[in-house]
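Spelled out, the chains give:
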Amino acid sequence: MSLDIPALPRSDLDPFSTDFFDNPFPEHEKLRDAGPVVWLERYGVYGIARYAEVHRVLNDWRTFCSSRGVGLQDFLRETPWRPPSLVLETDPPEHDRARKVLARVLSPITMRELRDSFIETADALVRSILGREIDGVADLAQAFPLSVFPGQIGLRTEGREHLLPYAGLAFNAFGPDNDLRRSAMERAAPHIAWVSEQCRRDNLSPHGLGARVHAAAATGEVTEEEATLLVRSLLTAGIDTTVNGIGAALYSLARFPDQFAALRADPARARNAFEEAIRLESPVQTFFRTTTCDTELGGTPVPEGAKVLMFLASANRDPRHWDRPDHFDITRTTSGHVGFGAGVHMCVGQLLARLEGEAVLQALARNVARIEITGAPVRAYNNTLRGLASFPLRLT
Ligand code: Z7Z
């Protein structure tokens, strides 16, 4: 045995290839069955695909840090493509101070303020697309978040078309230097420029959630520059994620008509149905941690400074943890899924995401008798996000 090559299962899988994105599930199973930790030789990183290890790593930020980046790049050795996020790419205690501001802005109190208008907007949107051939992605999964989120943040109307490309770039940037990442970077400049500019206090409506982040600068809790970066976090992580979450729900309900019937029979199941779609499809498929010291994972030694790739989507379908993991069951107990992460970094916008998902699924349950797939769904490729580029449907 050589000294620097770990004696552990190896795989030549490329988890950032379009072949893998087309159907990751058989590869997930191979990774899980190979062992608790697998050496991914293509990238020189440790892969974990079982629920137990993913859960453990997410819940141990001291050993598995985020401040060296949650993508393949190690921020200790390489320069990030943008100034690091104050919440995503930090560890406690700095992380906690930034997160506290966002958690307050995205609190249950805020959700109560937004709820009625989200439910109404989703209802009107679904009614407006009944009966004709639509693209479930553009006309619903994207249309709904775009009709509620940018306005609530307090963004101007002009330029909102930069939001999805910017998020696509950010989520591609967690992956390796492949075609997806490179072509996103080549087109990045105008999107980066627009988003950075909109995060400043002067460019945000005084009534929106962005202004509430800036209010934390007025009290000295964070600096003005930090508030600007925290608004950037909302714009980066707040839109493509929910687009793909709603897309996942639509995709699942369309393919499991008995589950859509169960939702129609009881629209109060909308919230759990959304959660189950997040578990099943895992819009956020993967991201990384970096070890802060020599450690051990599932009985395997892992040295300091190693990148660990967490397959959230695989953990969410690990048969060691879930019954009938590949089955979409809107009555399932979904708690414990890692689609929103876990531990100190668990999605700070999860209440807003769930409110959006619930609003759309309630609107479908109340207004739609049948979701008919009228053409082949087309997959969207991204180094981190799983979802569709288009999904021809008719809602009747
Ligand atoms: O703060 C940020 O800009 C930010 C960007 C991406 C925060 C979170 C995420 C993210 C969300 C990363 C889900 C991976 C998975």
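What counts and how
Residues numbered from 1 in each chain as written. Predicted model: local features only at pLDDT ≥ 70, side-chain atom pairs only at ≥ 80, totals over all residues. Heavy atoms only, no water. Helix = DSSP H or I, 4+ residues; strand = E, 2+ residues; numbered from the N terminus. Rg over C-alpha atoms; globule rule 2.2 N^0.38 Å. Buried < 20%, exposed > 50% of the residue type's maximum accessible area, 1.4 Å probe, protein only. Near = heavy atom within 4 Å. Polar contact = N/O pair within 3.5 Å; in protein donor to acceptor, adjacent residues only side chain to side chain. Areas by Shrake-Rupley, 256 points an atom, 1.4 Å probe, with all protein chains shown as cover. Contact = heavy atoms within 4.5 Å.

(A) Summary view of the overall build of the protein. A count of helical and extended segments in the protein gives 16 helices and 13 strands. The globule rule puts the C-alpha radius of gyration for 396 residues at 21 Å, and the 21 Å found for the protein is close to it. Counting only C-alpha atoms, the protein reaches 65 × 50 × 35 Å along its principal axes. Burial status across the protein gives 58% buried among its 396 residues.

(B) Representation of the site of the ligand within the structure. Close to the ligand lie Arg82, Ser85, Val87, Leu88, Phe171, Phe174, Ser233, Thr236, Ala237, Val284 and Phe287. One of the side-chain N or O atoms of Arg82 is found 2.8 Å from an oxygen atom in the ligand. One nitrogen or oxygen atom from the side chain of Ser233 is found 2.5 Å from an oxygen atom belonging to the ligand. Protein chains bury 87% of the 370 Å² of accessible surface belonging to the ligand in isolation. Broken down by element, the shell around the ligand gets its largest block of residues, three residues, from helix α11 (residues 224-237).

(C) Spatial organisation of helix α7 (residues 163-172). Of all ten residues in α7, nine are buried, a share of seventy percent or more. Residues of α7 that are buried in the fold lie against α6 (137-153), α8 (179-186), α9 (188-198), α11 and α12 (240-255).

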